[in-house]
Amino acid sequence: GLDTYSHNTVLVDDLPQRRQPFASFDPLDDVAWRSSGDYDYAWGIYDDLYGDNRPAAHHRRILFVKPDIFLVVDTLMPSGDGDHTYQARWHFKEPQVNLRPSTQSAVSTDAGLPNLAVVPLLPKGLKVDLVSAQEEPELMGWWIRKRVDVKALPAATVCHTLSGRGIQHMATLLMPLPADTGDPVVEVTHETDGVTEVRLSDRRRFICEFDSHPEGDLRFTKLLPNGNPGRSIHSS
């Protein structure tokens, strides 16, 4: 079907995107894309149905800092004045994922293989859950395969859940990791509105900044172990 329970996107009030079939063929005019040697940047809007209603519009911005860092910022804009619950889902292929309570980062731990850290950057009010091989109240945390005898294998899903009234933001850092390096994230500090610092075990620091406007700029700055600035990538 067209529902998005098992996609890396956001549910609103436990309801998936349910784009009307005829809309899937319409040209998109609410997206942007820029690419350079240092970064790719894209933003887009989903403002169609969640279930049978339009409780909110989802704006997503992605800054790919080449070759290995993704900064994803989600802005949820409700259509009314009521409270809503938003849940961003991040799906891993394998079940070997650790959730560190102090940083709420989820890191896959496949031996001998590259891994991935999913790091929430706006921790205030955010609930983070790790789900694997769940059957009730819904199927979650599975790798569904086609044209094989065993179609469902245990995997892992990380859920970032935020509730509130008015415009809400979620920001996530996706960090591919070399094989057998472990979780490098030591501390995540949300310093001021739109600015979060991620401190790594090798003493590097990542400064992640985003404009609160749903189509505003993103910036990623790397600070070296000696404190000197490394690369700084701005989406403008």
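Shown above is the structure to which this text applies.
To keep things clear, this report deals only with the structure shown in the data block. (Residues numbered from 1 in each chain as written. Predicted model: local features only at pLDDT ≥ 70, side-chain atom pairs only at ≥ 80, totals over all residues. Heavy atoms only, no water.)

## Observations regarding the sheet that holds strand β2 (residues 31-35)
What counts is decided by this rule: Here, any two strands with at least 2 DSSP bridges between them count as paired. Runs of E in the DSSP output that reach at least two residues are strands. Runs of H or I that reach at least four are helices, and both are numbered from the N terminus. To get an axis, a line is fitted to the C-alpha atoms, and for a helix only the part in contact is used. The angle between two axes follows their N-to-C directions and goes from 0 to 180 degrees.
One open sheet accounts for 8 strands, arranged β2-β3-β4-β5-β14-β9-β8-β7; its pairing is antiparallel. Because the sheet does not close on itself, it has two edges, and the strands there are β2 and β7 (97-100). This sheet shows a mean twist of 15° between the axes of neighbouring strands, independent of strand direction. Looking at chain direction, strand β3 (residues 39-46) and strand β4 (residues 56-65) are connected through 8 bridges and run antiparallel. Note on β4: the bridge partner recorded for Gly44 is Arg60.

## Quick notes on the sheet that holds strand β18 (residues 218-223)
Pairing between the strands of a sheet comes from backbone hydrogen bonds, and it takes one of two forms, parallel or antiparallel. Spatial strand order, β15-β16-β17-β18-β19: 5 strands in an open sheet with antiparallel pairing. Edge positions in the open sheet fall to β15 (185-192) and β19 (229-234), since each of these has one partner strand only. For this sheet the average axis-to-axis angle between neighbouring strands, irrespective of direction, equals 15°. Across 4 bridges, the pairing between β18 and β19 is antiparallel. Each residue of the ladder has a partner; that of Thr221, found in β19, is Ser232.

## A closer look at the packing of aromatic side chains
Short version of the rule: Note on aromatic contacts: the rings of Phe and Tyr and the six-membered ring of Trp form a pair at centre separations within 6.5 Å, being stacked when their planes are under 30 degrees apart, edge-to-face when over 60 apart, and tilted otherwise. Classification of residues uses two cut-offs on accessible area relative to the type maximum, computed with a 1.4 Å probe and protein chains only: under 20% is buried, over 50% is exposed, and between them is partly exposed.
Evaluation of the coordinates by the stated rule reveals 3 aromatic pairs. Note on Tyr46 and Tyr50: the rings are 5.2 Å apart at their centroids and 85° apart in plane angle, and the pair reads as edge-to-face. The exposure class assigned to Tyr50 is buried, which follows from its relative accessible area of 0%. Seen in terms of ring centroids, Phe206 and Phe220 are 5.0 Å apart; in terms of plane orientation they differ by 55°. Their pairing is tilted. On the criterion of sequence distance, the pair formed by Phe206 in strand β17 (residues 205-210) and Phe220 in strand β18 is long-range, its members being 14 residues apart. Under the relative-accessibility criterion, Phe206 is labelled buried at 1%. Classification of Phe220 by relative accessible area gives buried; the value is 2%.

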